[in-house]
Amino acid sequence: MRALIQRVTQAAVHVDGAEIGAIGPGLLILICAMEGDDAAKSQALAAKISKLRIFTDDAGKMNKSLLDTGGAALIVSQFTLAADTSRGNRPGFSAAAKPDVGRALYEQFIEDMAALGIATATGSFGADMAVSLTNDGPVTIWLDV
């Protein structure tokens, strides 16, 4: 699975002008299931993200995790993270999992994060979404599991 995470002070997602998910301090997680991914990869990615020490401690050092801070996660599906731009000018997305598998793994990832005690908000799989955020730092990290 592939994720792009951004440390945020706030983030929200809208569909058709209506807010469907929002968080305060925490992580915006853009997530993509790749061909061949399974539930074990979802669980491993959730564990990695929840423990990643990218929040500042009292000394101003990145030394705390999402679990340590009690922050929330806004989880948004984004198959375009699978883009192959190695040839031509039109990205290819054949490395992304098929939509039915992608949806199942997206939902699994949400469950995995919630099972770790992280408050979650979500986008809508396959919808045309507008995502807004205030990146804190900025801190933006790419993860492949």
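Description of the structure in this document. (Residues numbered from 1 in each chain as written. Predicted model: local features only at pLDDT ≥ 70, side-chain atom pairs only at ≥ 80, totals over all residues. Heavy atoms only, no water.)

## With respect to the overall build of the chain
From N to C terminus, the chain includes three helices and eight strands. Going from N to C terminus, the chain has its helices and strands arranged as β-β-β-α-β-β-α-β-α-β-β. In terms of overall size, the chain behaves like a compact globule, its C-alpha atoms giving a radius of gyration of 15 Å where 145 residues would be expected to give roughly 15 Å. Across its three principal directions, the C-alpha atoms of the chain cover 45 × 35 × 30 Å. For the chain, buried positions account for 41% of its 145 residues. The contacts of the chain with a sequence gap of at least 6 include a subset with a gap of at least 24, amounting to 72%. Put simply, the chain shows about 7,600 Å² of open surface, and 50% of that area lies on carbon and sulfur atoms. Treating the 12 positive side-chain charges of the chain as one cloud and the 16 negative ones as another, the clouds have centres 8 Å apart. (Helix = DSSP H or I, 4+ residues; strand = E, 2+ residues; numbered from the N terminus. Rg over C-alpha atoms; globule rule 2.2 N^0.38 Å. Buried < 20%, exposed > 50% of the residue type's maximum accessible area, 1.4 Å probe, protein only. Contact = heavy atoms within 4.5 Å. Areas by Shrake-Rupley, 256 points an atom, 1.4 Å probe, with all protein chains shown as cover. Lys, Arg positive; Asp, Glu negative; His and termini not counted. Charge placed at Lys NZ, Arg CZ, Asp CG, Glu CD.)

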